[in-house]
Amino acid sequence: MSAKIISGVEIAKQIREELKAEVAEMKEKHGVTPGLVTILVGENPASVSYVTAKQKTAHELGFYSVQDNQPADISEDALLSLIKKYNDDSAIHGILVQLPLPKHINETKVLYAIHPDKDVDGFHPVNVGKMVIGEQCFLPCTPHGILEMLMRSGAQTKGAEVVVVGRSNIVGKPIANLMLQKRDGGDATVTICHTRTRDMAFHTRRADILIVAAGRPKVITADMVKEGAVVIDVGVNRIGQTPEGKAILCGDVDFEAIKEKASMITPVPGGVGPMTITMLMKNTVQAARQAAGL
Ligand SMILES: NC(=O)c1ccc[n+]([C@@H]2O[C@H](COP(=O)([O-])OP(=O)(O)OC[C@H]3O[C@@H](n4cnc5c(N)ncnc54)[C@H](OP(=O)(O)O)[C@@H]3O)[C@@H](O)[C@H]2O)c1
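Please read all numbers here as calculations on a predicted model, not as lab measurements.

Enquirer: Sorry, what's going on with a nonpolar patch on the surface here?
Expert: The grouping of V128, V132 and I133 at the surface amounts to a nonpolar patch, some 260 Å² of accessible area in total. Within the secondary structure, I133 sits in helix α5 (residues 125–133).

Enquirer: I tried to follow the side chain of H93 on my own but got confused; where do I start?
Expert: Examined against the element boundaries, H93 turns out to sit in the loop between α3 (76–87) and β4 (94–97). The residues contacting H93, other than those within four sequence positions of it, are T33, P34, G35, D117, K118, V120, T284, A287, A288 and A291.

Enquirer: How do you make sense of the packing of helix α2 (residues 45–60) against helix α10 (residues 273–292) when you look at a structure like this?
Expert: Axes are the key here: two packed helices are described by the angle between their axes and the distance separating the axes. At a minimum axis distance of 10 Å, the contact between α2 and α10 shows a crossing angle of 50 degrees. It follows that α2 is oblique to α10 by the angle criterion. α2 and α10 meet at a crossing whose hand is right-handed. Residues A53, K54, T57 and A58 of α2 form the contact with α10, whose participating residues are I277, L280 and M281. Split by residue class, the contact of α2 with α10 holds 5 nonpolar, 1 polar and 1 charged.

Enquirer: Can you walk me through the site of the ligand in this structure?
Expert: In the vicinity of the ligand, 21 residues are found, and the nearest of them are R167, S168, T195, V236 and T276. In this structure, an oxygen atom belonging to the ligand sits 2.7 Å away from a side-chain N or O atom of R167. Measuring from an oxygen atom of the ligand, one finds a backbone N or O atom of A213 at 3.4 Å. Contact with the protein chains hides 71% of the accessible area of the ligand, taken as 930 Å² for the molecule alone.

Enquirer: It is not clear to me how the sheet that holds strand β7 (residues 209–212) should be interpreted in this structure. Could you clarify?
Expert: In a beta sheet, neighbouring strands are held together by backbone hydrogen bonds and run either parallel or antiparallel to one another. Pairing in this open sheet of 6 strands is parallel, and the strands run β1-β11-β8-β7-β5-β6 from one edge to the other. Two strands bound the open sheet, and with one partner strand each, they are β1 (4–5) and β6 (189–193).

Enquirer: Is there a simple way to think about the domain arrangement of the protein chain in this case?
Expert: Interface size, as often reported, equals the accessible area lost upon joining of the parts. On domain assignment, one finds that the protein chain holds domain 1 (31–116) and domain 2 (140–274). Placing the centre of domain 1 and that of domain 2 at their C-alpha centroids yields a distance of 29 Å.

Enquirer: Can you help me understand the pairing of β7 in this one?
Expert: Looking along a regular strand, one sees side chains alternate from face to face of the sheet. Because side chains alternate across β7, one face comprises the buried residues I209 and I211, and the other comprises L210 and V212, equally buried. In the sheet, strand β5 (residues 161–165) pairs with β7 via 4 bridges, with the strands oriented parallel. In the sheet register, V162 faces β7, and the bridge partner there is I209. Bridging between β7 and strand β8 (residues 230–233) involves 4 bridges; their strand directions are parallel. Counterpart to I209 in the pairing with β8 is V230.

The rules behind the values
Residues numbered from 1 in each chain as written. Predicted model: local features only at pLDDT ≥ 70, side-chain atom pairs only at ≥ 80, totals over all residues. Heavy atoms only, no water. Patch = residues over 30% accessible without salt bridge, like charges linked within 9 Å, V, L, I, M, F, W, Y side chains within 5 Å. Areas by Shrake-Rupley, 256 points an atom, 1.4 Å probe, with all protein chains shown as cover. Salt bridge = Lys/Arg side-chain N within 4 Å of Asp/Glu carboxyl O. Helix = DSSP H or I, 4+ residues; strand = E, 2+ residues; numbered from the N terminus. Contact = heavy atoms within 4.5 Å. Axes fitted to C-alpha atoms, helices over the stretch in contact; angles between N-to-C directions. Parallel < 35°, antiparallel > 145°, perpendicular 65-115°, else oblique. Left-handed = near helix turned anticlockwise from the far one by under 90°. Nonpolar A, V, L, I, M, F, W, Y, C, P; charged D, E, K, R; others polar. Near = heavy atom within 4 Å. Polar contact = N/O pair within 3.5 Å; in protein donor to acceptor, adjacent residues only side chain to side chain. Pairing = 2+ DSSP bridges. Domains from an automatic or database assignment. Buried < 20%, exposed > 50% of the residue type's maximum accessible area, 1.4 Å probe, protein only.

This is the structure we're talking about:
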């Protein structure tokens, strides 16, 4: 039987509707408008398109949104001063610096300069630490999106064997940690695989929920997946171009073969991708609520 497709497009749409209503109520009842600034350094085409999509969504949800474009040769000090300016601006609740930054700028220094209360990307060590100990914080957007997809599609996480492929700071490590937390949407037994894992298939075949964030096209084949597993494919790999010049994307799992074996699966595109921006918006609303004491 073919797997149920978990549509990130549909779930993201649902969450955006909820956020839109929440923002309208915050404005009307409390006079609070969530404010988001996206800072873009240089003109990397992929970064321009990500930032444009973030601004468009913020605008649609009724945020106060600022697009701050800076030249590629901005100094590190000038960028740090700019972040300080937004840290001190009470109309701005969320600050996003689009990565990657030019080589002469220390990314870590810049991300750490964002006040943890405005760190809607969830990359500041204060938020990472709070996430690990299970305190209220801004969760990193992609893992947060995966969590919402699992919960809203009714996947059973309690007691489940979850296998995560990939151990990056933005996807693998945080999603593994979230699945481990003692609460709804967590309570799983978690294994993390990476390039030094001796027999990856041994682990992936045990997974009730398999989350793949390796950045390698079709690294997971059908023989590596258990019958009835839930498969979340985070990978976005550009494998070619249409005659019109549009990128052809593929995930980290062999979707066509695995969908005949899994119980639920996310597609690429249209799976985890649309959730990431939406969770950035959710974090910004949360930041505005916290700032206003709501
Ligand atoms: N949809 C979205 O919104 C979204 C967001 C973020 C990322 N992504 C996509 O998700 C993928 C992963 O992103 P990332 O930033 O986490 O990547 P990353 O920083 O490159 O990390 C990849 C991880 O996968 C592991 N890995 C790579 N090849 C492997 C293999 N053959 N077997 C086992 N483990 C392997 C690496 O192991 P080592 O640590 O041993 O090197 C590493 O831990 C990319 O395709 C990215 O574009 C999508």
